[in-house]
Amino acid sequence: MTRTSERCPSRRGDDMKIGIIGAGNIGGNLTRRLTALGHDVSVANSRGPHTLTALAEETGATPVPAEEAARGAEVVVVTIPVKAVPDLPSGLLDGAAEGVAVIDTGNYYPRERDGRIAAIEDEGLTESRWTERQLGHPVVKAFNGTYAQDILDRHRPAGDPGRLALPVAGDDEAAKRKVRELIEELGFDTVDAGGLDDSWRQQPGTPVYGLRGGVQEVTKALSEASPERTADFRG
């Protein structure tokens, strides 16, 4: 298994161009791991590329303005606060590669951060369906219940009994397959959590959210979820 400190520029000839929008805990650690695996990573945040110099020097990723993060990308990771999604540049994905898979890692925290979003609470949209509508492009929900440090520390080879599993939800089967393959390359198993309208099963407050478990545990937790939003996650 490739460790975070190793660089594999000639991994298998299938290295991808990946854009990461958001350089917080999840975005920063995905940048570290994906560059270590040999992928060509561009990373952006809300404060501008000059604030990403240290991360770029550490990883070899290319810091870019947000409007350039998806240019030519086969995978784009949107890992920013839900309330900031509508403020992303219009046409953000116009220059992405054909068939780009867009990963949404976001969680709706109405009390702590995002304020009340009526479409989520009154219309019953899943959080990622709402994000998809803002972006105007299908998304795949993944990493939203993952501890950021686990991306660095808890990856394991396929077949390892300690290998964790992550739920992945989305409507575009080709995009979902691409995302699952990338997660498996990162050192985690995946569980197909259904379509985006089923992604409430992995939202905050559900049994799988924050769960460190294998395929069986994650599958069981998804099956035990309730569509009722808990009080802690209602605005």
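All values reported here derive from a predicted model rather than from experimental measurement.

Conventions used here
Residue numbers here run from 1 along each chain, matching the order of that chain's written sequence. With the structure being a predicted model, the display of local features is reserved for residues of pLDDT at least 70 and the display and counting of side-chain atom pairs for 80 or more, all residues being used for whole-chain, interface and lining totals. By convention in this description, side-chain values take in all heavy atoms of the structure and omit both hydrogens and water. Strands here mean DSSP runs of E at least two residues long; helices mean DSSP runs of H or I at least four residues long; both are numbered from the N terminus. When we talk radius of gyration, it's over C-alpha atoms, and the globule rule is simply 2.2 Å times the number of residues to the 0.38. Each residue is placed in one exposure class: buried if its accessible area under a 1.4 Å probe, protein chains only, is under 20% of its type's maximum, exposed if it is over 50%, and partly exposed if it falls in between. Between two residues, a contact is recorded if the distance between any of their heavy atoms is within 4.5 Å. In this count, Lys and Arg are taken as positive residues and Asp and Glu as negative ones, while His and the chain termini are left out. Where a charge lies is defined by one atom per residue type, namely NZ (Lys), CZ (Arg), CG (Asp) and CD (Glu). For salt bridges, the criterion is a side-chain nitrogen of Lys or Arg within 4 Å of an Asp or Glu carboxyl oxygen. Two N or O atoms form a polar contact when they lie within 3.5 Å of each other; inside protein one atom must be a possible hydrogen donor and the other a possible acceptor, and for residues adjacent in sequence the pair counts only when both atoms belong to side chains. We call Phe, Tyr and Trp rings a pair once their centres come within 6.5 Å, taking the six-membered ring for Trp, and we label the pair stacked below 30 degrees between planes, edge-to-face above 60, and tilted otherwise. Look at NZ for Lys and CZ for Arg. If either is within 6 Å of the ring centre and within 35 degrees of the ring normal, a charge sits over the ring. Whether a set of points on the 1 Å grid over the protein atoms alone is a cavity depends on a 1.4 Å probe fitting there but being unable to get out, while an open set qualifies as a pocket with protein on both sides within 12 Å along at least five of seven lines; lining residues are those with an atom within 4 Å of a point. Grid points are joined across faces, edges and corners, and a volume is the space filled by probe spheres set on the points. Ten residue types, Ala, Val, Leu, Ile, Met, Phe, Trp, Tyr, Cys and Pro, are classed as nonpolar, four, Asp, Glu, Lys and Arg, as charged, and the remainder, Gly among them, as polar. We treat two strands as partners when DSSP finds at least two bridges between them.

(A) A look at the overall build of the chain. For the chain, the count of helices and strands is eight helices and eight strands. Over its C-alpha atoms the chain spans a radius of gyration of 17 Å, differing by no more than 12% from the 18 Å that the globule rule assigns to 235 residues. In terms of principal-axis extent, the alpha carbons of the chain reach across some 45 × 45 × 30 Å. A total of 235 residues make up the chain; the buried ones form 53% of that total. Counting contacts in the chain only where the partners sit at least 6 residues apart, residues at least 24 apart contribute 69% of the total. Within the chain, the 37 negative side-chain charges are centred at a point lying 3 Å from the centre of the 28 positive side-chain charges.

(B) How the structure looks around the pattern of salt bridges. Inspection of every chain in the model, using the stated rule, returns 14 salt bridges. For D171, the salt bridge identified is with R129, shortest N-O distance 2.8 Å. With D171 in the loop between β7 (165-170) and α7 (173-186) and R129 in helix α5 (residues 127-135), the pair connects residues that are 42 residues apart, well separated along the chain. With a relative accessible area of 12%, R129 lands in the buried category. Three or more residues are tied together by salt bridges with common partners; here these are R129, E132, D171 and D197.

(C) Expanded view of the side chain of N45. On the secondary structure map, N45 appears in the loop between β2 (40-44) and α2 (53-59). One polar contact links the side chain of N45 to the main-chain amide nitrogen of R47, over a distance of 3.1 Å. A polar side-chain atom of N45 sits 2.9 Å from a polar atom in the side chain of T51. If sequence neighbours within four positions are ignored, N45 has contacts with A23, T51 and L52.

(D) Spatial organisation of the packing of aromatic side chains. Tallying each qualifying case throughout the model produces one aromatic pair. Ring plane angle 45 degrees and centroid distance 6.2 Å describe the contact between Y109 and F233, whose orientation is recorded as tilted. Taken together, the positions of Y109 in the loop between β5 (101-104) and α3 (110-114) and F233 in the segment after α8 (215-223) put the pair 124 residues apart, joining distant regions of the chain. Classification of Y109 as buried rests on a relative accessible area of 17%. Residue placement shows R212 over the ring face of Y147; its charged tip is 4.2 Å from the ring centre.

(E) Local environment of empty space enclosed by the protein. In the structure shown here, the tally under the stated rule is one cavity of 30 Å³ or more. Approximately 130 Å³ is the volume attributed to the largest cavity. Lining the largest cavity we find 18 residues, and of these G145, T146, L166, P167 and L211 sit closest to its centre. Ranked by residue count, the leading element in the lining of the largest cavity is β7, at three residues. The class makeup of the residues in the lining of the largest cavity is 10 nonpolar, six polar and two charged.

(F) Representation of the pairing of strand β4 (residues 75-78) within the structure. Residues V75 and V77 line one face of β4 and the alternating positions V76 and V78 line the opposite face, and both faces are buried. Here four bridges tie strand β1 (residues 17-21) to β4, and the two strands are oriented parallel to one another. Among the inter-strand pairings, I18 is bridged to a residue of β4, identified as V75. As paired strands, β4 and β5 are joined by four bridges and run parallel to one another. Across the sheet, residue V75 finds its bridge partner in β5, namely A101.

(G) Representation of unusual backbone geometry in the model. Phi angles above zero are rare outside glycine, and F143 is one such case at about 70 degrees. Position of F143 among the secondary structure elements: in the loop between β6 (140-141) and α6 (148-153). Judged by its relative accessible area of 4%, F143 falls in the buried class.

Such coordinate-based values are descriptive only and should not be taken to indicate function.
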